[in-house]
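So the chains spell out like this:
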Amino acid sequence: MTPYTAAARAAWGMWRRDAALLWPLFGLTQLLPVLMRLLALPPLPQLGADAADTVDRLRVLGDYGRANLPLIIAILVMQTLGRATLFSLYRVPPGRTLGTALGEAVALLPRYLFVALVVTLGTTLGLLLFWLPGLYLAGRLILVGPALVARPERPALGALAESWRLTRGHGLMLMALVALAELSRALIERPFAFGRTLLPGPSEDSVLDALLALAQSGVVAVILLALALLQAALYRELADGRTRELE
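All values derive from a computational prediction rather than experimental measurement. (Residues numbered from 1 in each chain as written. Predicted model: local features only at pLDDT ≥ 70, side-chain atom pairs only at ≥ 80, totals over all residues. Heavy atoms only, no water.)

A. The arrangement of the overall build of the protein chain in detail. Each helix and strand in the protein chain was counted, giving 9 helices and 0 strands. When its helices and strands are written in sequence order, the protein chain yields α-α-α-α-α-α-α-α-α. Buried positions account for 42% of the 247 residues belonging to the protein chain. For the protein chain, long-range pairs separated by at least 24 residues make up 75% of all intrachain contacts whose partners lie at least 6 apart in sequence. For the protein chain, the exposed surface amounts to about 13400 Å²; the carbon and sulfur share of it is 70%. (Helix = DSSP H or I, 4+ residues; strand = E, 2+ residues; numbered from the N terminus. Buried < 20%, exposed > 50% of the residue type's maximum accessible area, 1.4 Å probe, protein only. Contact = heavy atoms within 4.5 Å. Areas by Shrake-Rupley, 256 points an atom, 1.4 Å probe, with all protein chains shown as cover.)

B. Fine view of the packing of aromatic side chains. According to the stated counting rule, one finds 2 aromatic pairs in the structure shown. Taken together, a centroid distance of 5.2 Å and an interplanar angle of 85° make the contact between W15 and W23 edge-to-face. Relative to W164, the ring of Y136 has its centre 6.4 Å away and its plane inclined at 85°; by these criteria the two rings are edge-to-face. Residue Y136 is found in helix 5 (residues 131-140), and its partner W164 is found in helix 7 (residues 158-166); the two are separated by 28 residues along the sequence. Judged by its relative accessible area of 29%, Y136 is partly exposed. R140 extends its terminal NZ or CZ atom over the ring of W164, reaching a point 3.9 Å from the ring centre. (Phe/Tyr/Trp six-rings, centres within 6.5 Å; stacked < 30°, edge-to-face > 60°. Lys NZ or Arg CZ within 6 Å of the ring centre and 35° of its normal.)

C. The nonpolar core, seen in detail. L86, Y90 and L229 are the most contacted members of the largest nonpolar core, which totals 53 residues. Those elements giving two or more residues to this core turn out to be helix 1 (3-40), helix 3 (69-89), helix 4 (98-129), helix 5, helix 6 (144-150), helix 7, helix 8 (171-197) and helix 9 (206-246). In terms of residue count, helix 9 provides more of this core than any other element does, 13 residues in total. Every residue in contact with Y90, bar those within four places of it in the chain, is listed here: M14, R17, D18, L22, L229, A232 and R236. (Core = buried A, V, L, I, M, F, W, Y, C linked by side-chain atoms within 4.5 Å.)

D. Fine view of the pattern of salt bridges. With the rule as written, the count across this model stands at 7 salt bridges. Here the residues in one salt-bridge network are R154, E162 and R165, joined through shared partners. (Salt bridge = Lys/Arg side-chain N within 4 Å of Asp/Glu carboxyl O.)

E. Quick look at the packing of helix 5 against helix 8. Relative to each other, helix 5 and helix 8 sit at 105°, their axes nearing to 7 Å. Compared by their axis directions, helix 5 and helix 8 come out roughly perpendicular. Residues L132, L135, Y136, A138, G139 and R140 of helix 5 lie in contact with helix 8, whose contacting residues are G171, L172, L174, M175, V178 and A179. (Axes fitted to C-alpha atoms, helices over the stretch in contact; angles between N-to-C directions. Parallel < 35°, antiparallel > 145°, perpendicular 65-115°, else oblique.)

F. How the structure looks around the packing of helix 1 against helix 3. One can describe the packing of helix 1 onto helix 3 by two numbers: an axis separation of 9 Å at closest approach and a directional angle of 160°. On the basis of the axis angle, helix 1 is roughly antiparallel to helix 3. Every pair of crossing elements has a handedness; the one defined by helix 1 and helix 3 is left-handed. Residues L22, L25, F26, L28, T29, Q30, L32, P33, V34, M36, R37 and A40 of helix 1 pack against L71, I75, M78, Q79, G82, R83, T85, L86 and L89 of helix 3. Considered class by class, the residues forming the contact of helix 1 with helix 3 number 14 nonpolar, 5 polar and 2 charged. (Left-handed = near helix turned anticlockwise from the far one by under 90°. Nonpolar A, V, L, I, M, F, W, Y, C, P; charged D, E, K, R; others polar.)

G. Molecular detail of helix 3. A rise of 1.5 Å per residue sets the reference length of helix 3, with its 21 residues, at 30 Å; its end C-alpha atoms lie 30 Å apart and thus fit the reference within 8%. Buried within helix 3 are the following residues: I75, Q79, T80, L81, G82, A84, T85, L86, F87, S88 and L89. (Expected span 1.5 Å × (residues − 1).)

H. Geometry of a nonpolar patch on the surface. Together, L58, L125, L129, F130 and L132 line one region of the surface with nonpolar side chains, adding up to about 480 Å² of accessible area. As for its placement among the helices and strands, L132 is situated in helix 5. (Patch = residues over 30% accessible without salt bridge, like charges linked within 9 Å, V, L, I, M, F, W, Y side chains within 5 Å.)

I. Examining the environment of L148 more closely. Structurally, L148 is set in helix 6. On the basis of relative accessibility, which here comes to 1%, the residue L148 falls in the buried class.

J. Examining the environment of L227 more closely. If you trace the backbone, L227 turns up in helix 9. When the C-alpha positions of L227 and A11 are compared, they lie 9.0 Å apart, and in sequence the two are 216 residues distant.

Printed below as a string of structure tokens:
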């Protein structure tokens, strides 16, 4: 059995066993922030031919970020806290309650946010330069969150090195996994986003617009939950595999 198959089976087992905990957790920390993004944030600026230069693209994105900084920070904190709580729930040794896991996540949040920012900046730069470097980097760093939560005593940047070490030899497969997750999210979101653009105006159809945004947020939250469970399970598989190799 490959580590991916074993991780997928373990993630499915986590979901079946703990759905009653995971739905509220990800509803508050993933669905709600995505809904805030859809309804309260303006759409990202289009980076057309006039923004082909990487420096220009970064400037446009930087201007957008500064203009919407408070809401962006709130969304980032909520989503990061949710992922850190989930990774804490499944940290070895098992047996944590949701309250305990949430407390551990809150204590780790500043360092987790720092590492998440480093990963986001690195992958975004790679995507702006060319798609493949960004996707490859995202694949190699996919285990940073579980690695940091598994050993909170380590330096924050040590989680980057740990993810890079564990994913050695798995880069292309994990790059494909990241690409598949992003493509699936984009394709499933598209009908809802397209439906919102067809509404005549916010005043006449604000309820319908909110319902479409809620449905779109639910789809994104399910994908984020599945990916987080897979990350937690894959970290266990690859960490255990590396340990066995050293014995």
